[in-house]
Amino acid sequence: MVHQLSRQDARRIAVRAQLLDAARPAGLLPAVRHITLLQLDPTAAVAPSADLVAWSRLGRRYDRSDLVTALRERTLVELRATLRPAEDLALYRAGMAAWPGAEPLAPWRVIQRDWVRANDGCRRDILRRLTADGPLTSRQLPDTCAVPWRSTGWTNDRNVTQLLEFMVSRGEVAVAGRAGRERLWDLAERVYPDDPVPDLDEARRLQNHRRLTALGIARSRGPECAVEPLDVADAGEEAVVDGVRGTWRVDPAQLGQPFTGRAALLSPFDRLLHDRKRMAELFGYEYALEMYKPVAARRWGYYALPVLYGDRLVGKLDAAADRRAGVLRIRAVHWDVDPAPELVAEVDREIEDLAGWLDLEPVREG
């Protein structure tokens, strides 16, 4: 059976699956276990993205110390710029054992494999040092690479940092914590739970199922993504969405469920809109993170927060936390719709709640 969905049906499924409807989750860990990950990003123009995502779901009940505690106790574990439930790590360890992947390899994977092989001596030096003295920062680890890492980007000549990333992909090392903003590295066996690892096919099947539960609706195939795929293979059941080309996979547990929406202010990295193509197809929403654009080229602001209302993305909030002055500066709300008074009032309440959670005074400018 192919499920026939309206765009509103699809949007509501997506919003509810991301825990952004009126039924808020019970706490941080239940929320992350459902949505499967919190993406890390160093920008904190309003608040760090992982905290913003948690606050968007939990509201003022979310205390940022909860995340600190979860990381210290390792109920959440950092993996490739995401925080994931510790019990999910076994699914990713299955892929680590198969790095760099099945033949034939894409050219960029061949380059990575060959570079790691060429620097096997440095890899072994790092493992020996971590075995004896870990956890350590990357600056405390030896750079004995025979072949430097070449890139046109910021990773050029950052041999140890780049090698550590590949060693994470191989399941050899892991982020054990942080010293300020620096990652602390250790042997993966000291960080990851010692849970049974399924075979690779089963691990991928379970990952696809977990991803569809978190997204509600997704495509079965999509472009390759370095950290977290956007597609779900054959998880769930087939669906079509009115006015949208192609077929989808939908979580059957989401079908026919009641929906009560609310207002929410989202991180630019929120998974509701991380898949920009899905965002455009289902929500008809245009958004780009403009922090890398010149000021004169920005339409919505340096770090504009997408505004959700019910099952629609209705605007962008241009705000910035000025912690030195103790204020949350509200520069503008850029509406994508003609806002009714009740919409404005609910978004204003969310802005007040955001400021209160940040222990800042909201100040409207302009």
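Quick summary incoming for the structure in this document. (Residues numbered from 1 in each chain as written. Predicted model: local features only at pLDDT ≥ 70, side-chain atom pairs only at ≥ 80, totals over all residues. Heavy atoms only, no water.)

Our next topic: the pattern of salt bridges. Under the counting rule described, the total for this entry stands at 32 salt bridges. Of the charged contacts in the structure, one is a salt bridge between D270 and R57, with a shortest N-O distance of 2.4 Å. One end of the pair, D270, is in the loop between β10 (263-265) and α11 (276-283); the other, R57, is in helix α3 (residues 49-58), and 213 residues separate them in sequence. Like D270, the residue R57 is buried in the burial classification. Residue E228 is joined to R84 by a salt bridge in which the shortest nitrogen-to-oxygen separation is 2.7 Å. Note that E228 is positioned in the loop between β7 (217-218) and β8 (237-241) and R84 in strand β4 (residues 82-85), a separation of 144 residues in sequence. Of the two residues, E228 and R84, both sit in the buried class. In this structure, a network of salt bridges that share partners links the residues D120, R123, R124, R170 and E172. (Salt bridge = Lys/Arg side-chain N within 4 Å of Asp/Glu carboxyl O. Helix = DSSP H or I, 4+ residues; strand = E, 2+ residues; numbered from the N terminus. Buried < 20%, exposed > 50% of the residue type's maximum accessible area, 1.4 Å probe, protein only.)

Let us now look at the environment of Q18. Its place among the elements puts Q18 in the loop between α1 (7-17) and α2 (28-35). A residue is classified by how much of its surface remains accessible, and Q18, at 1% relative accessible area, is buried. Measuring from C-alpha to C-alpha, the distance between Q18 and V244 comes to 21 Å, with 226 residues separating the pair along the chain. In this structure Q18 touches I35, R57, A214, D270, R271 and L272, once residues within four positions along its chain are discounted. At a separation of 2.6 Å, a polar atom in the side chain of Q18 contacts the side chain of R57. (Contact = heavy atoms within 4.5 Å. Polar contact = N/O pair within 3.5 Å; in protein donor to acceptor, adjacent residues only side chain to side chain.)

This paragraph deals with the nonpolar core. If you look at soluble globular proteins, the nonpolar side chains tend to sit buried side by side. Counting 68 residues, the largest nonpolar core has L272, L328 and L354 as the members making the most contacts within it. Not counting residues up to four positions away in its chain, the partners in contact with L328 are V46, A319, A320, A321, I351, L354, A355, L358, L360, E361, P362 and V363. (Core = buried A, V, L, I, M, F, W, Y, C linked by side-chain atoms within 4.5 Å.)

Spatial ordering of the open sheet is given by β1-β8-β9-β7, a layout of four strands whose pairing is mixed. The outermost strands of the open sheet, each flanked by one partner alone, are β1 (3-5) and β7. Where β7 lies against strand β9 (residues 248-250), two bridges are found, and the strand directions are antiparallel. Among the inter-strand pairings, A218 is bridged to a residue of β9, identified as R249. (Pairing = 2+ DSSP bridges.)

The two faces of the sheet receive side chains in turn, since in a regular strand these alternate between them. Summarising the sheet, strand β13 (residues 327-335) and strand β14 (residues 361-364) pair through four bridges and their orientation is parallel. Counted as the bridge partner of V327 is E361 from β14.

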